Amino acid sequence: MLPEVTQKLLAAKKEKNISFSDLEKILGRDEVWIAAVIYRQASADESEANQLIEALGLPPHYAQELTECPLKGLGPVVPTDPLIYRFYEIMQVYGMPIKAVIHDKFGDGIMSAIDFTLNVEKEEDPKGDRVKIIMSGKFLPYKKW
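Criteria and cut-off values
Residues numbered from 1 in each chain as written. Predicted model: local features only at pLDDT ≥ 70, side-chain atom pairs only at ≥ 80, totals over all residues. Heavy atoms only, no water. Helix = DSSP H or I, 4+ residues; strand = E, 2+ residues; numbered from the N terminus. Buried < 20%, exposed > 50% of the residue type's maximum accessible area, 1.4 Å probe, protein only. Contact = heavy atoms within 4.5 Å. 1 Å grid on protein atoms, 1.4 Å probe; cavity = no way out; pocket = protein on both sides within 12 Å on 5 of 7 lines; lining within 4 Å. Points joined across faces, edges and corners; volume = space filled by probe spheres on them. Nonpolar A, V, L, I, M, F, W, Y, C, P; charged D, E, K, R; others polar. Phe/Tyr/Trp six-rings, centres within 6.5 Å; stacked < 30°, edge-to-face > 60°. Lys NZ or Arg CZ within 6 Å of the ring centre and 35° of its normal. Axes fitted to C-alpha atoms, helices over the stretch in contact; angles between N-to-C directions. Parallel < 35°, antiparallel > 145°, perpendicular 65-115°, else oblique. Left-handed = near helix turned anticlockwise from the far one by under 90°. Patch = residues over 30% accessible without salt bridge, like charges linked within 9 Å, V, L, I, M, F, W, Y side chains within 5 Å. Areas by Shrake-Rupley, 256 points an atom, 1.4 Å probe, with all protein chains shown as cover. Salt bridge = Lys/Arg side-chain N within 4 Å of Asp/Glu carboxyl O. Pairing = 2+ DSSP bridges. Polar contact = N/O pair within 3.5 Å; in protein donor to acceptor, adjacent residues only side chain to side chain.

### Notes on the overall build of the protein chain
When helices and strands are counted, the protein chain shows six helices and two strands. In the protein chain, the order of α-helices and β-strands from amino to carboxyl end is α-α-α-α-α-α-β-β. Dimensions along the principal axes, computed over C-alpha positions, put the protein chain at roughly 50 × 50 × 30 Å. For the protein chain, the proportion of its 145 residues judged to be buried stands at 21%. Considering only contacts in the protein chain between residues 6 or more positions apart, those separated by 24 or more positions represent 48%.

### Thoughts on the layout of surface pockets
A probe as big as a water molecule, rolled over the atoms, marks out the empty space that is left. Roughly 2300 Å³ of internal volume is contained in the largest pocket. What lines the largest pocket is a set of 41 residues, among which Val32, Ala36, Gln41, Leu74 and Leu118 lie closest to the centre. Every element with two or more residues in the lining of the largest pocket is listed here: helix H3 (31-38), helix H6 (82-106), strand E1 (109-123) and strand E2 (130-141). Residues of the lining of the largest pocket, tallied by class, amount to 31 nonpolar, four polar and six charged. Here the second largest pocket defines a volume of roughly 290 Å³. As for the second largest pocket, its lining consists of Met91, Ile98, Lys99, Ile102, His103, Gly109, Ile110, Met111 and Met135.

### Things to note about the packing of aromatic side chains
Under the criterion given, the structure shown has two aromatic pairs. Judged by centre distance (4.9 Å) and plane angle (20 degrees), the ring pair of phenylalanine 106 and phenylalanine 139 falls under stacked. You can see phenylalanine 106 sitting in helix H6 and its partner phenylalanine 139 sitting in strand E2, a full 33 residues away along the chain. The ring of phenylalanine 20 has lysine 13 lying over it, and the distance from NZ or CZ to the ring centre is 4.3 Å. Taking the ring centre of tryptophan 33 as reference, the NZ or CZ of arginine 29 above it sits at 5.5 Å.

### Some details on the packing of helix H2 (residues 20-27) against helix H4 (residues 46-55)
Where H2 meets H4, the axes come as close as 10 Å, and the angle between the chain directions of the two elements is 130 degrees. Judged by the inter-axis angle, H2 sits oblique to H4. Seen from above, H2 lies across H4 with right-handed handedness. Contacts from Leu23, Ile26 and Leu27 in H2 reach Glu48, Gln51, Leu52 and Ala55 in H4. For the contact of H2 with H4, the class distribution of residues is five nonpolar, one polar and one charged.

### Remarks on a nonpolar patch on the surface
Taken together, the side chains of Leu83, Phe87, Ile90, Met91, Val93, Tyr94, Ile98, Met111, Val120, Val131, Ile133 and Met135 present a nonpolar region at the surface, about 1100 Å² in accessible area. The set of elements that each furnish at least two residues to the nonpolar patch consists of H6, E1 and E2.

### A short note on the pairing of E2
Where E1 and E2 come together, eleven bridges link them in antiparallel fashion. Within E2, the position partnered with asparagine 119 by the bridge is isoleucine 134. Counting the residues in the hairpin turn of E1 and E2 gives six residues, including glycine 128, whose phi is positive at 130 degrees.

### Brief notes about the side chain of serine 112
Among the structural elements, serine 112 can be located in strand E1. Serine 112 sits in the buried class, given a relative accessible area of 6%. A distance of 2.9 Å separates the side chain of serine 112 from the backbone nitrogen of isoleucine 114, its partner in a polar contact. A distance of 2.7 Å separates a polar side-chain atom of serine 112 from the backbone nitrogen of aspartate 115.

Shown next as structure tokens:
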């Protein structure tokens, strides 16, 4: 179940017929980050929260909740939404190969999900449009002590 503030924001977004890309232009932040704030997977500062609430025409009291540190993640269960499940499936199939290639190129470490950007692009293709996802995270080597 989505948090109440998320439900209110999404309803207002739908009612105003405004896209995440439109919100990107208004806030000057990436559309994926804005969606993460709305879904309570990221927090905004006071100015960003106020801009978002104003753009969606909601009462100012909703802004405060967007500045609070959220509880992140989908939870401990396998996702059931088909689109989200595909990412889970991709990691089930390609997770170890991706890990091996990263270790070949960088050494023993991880990709940061904090110092991270994610972009979603549409690639037109005569056989059917494609989803292009670009993830960029800082490499963090494991420390030796």
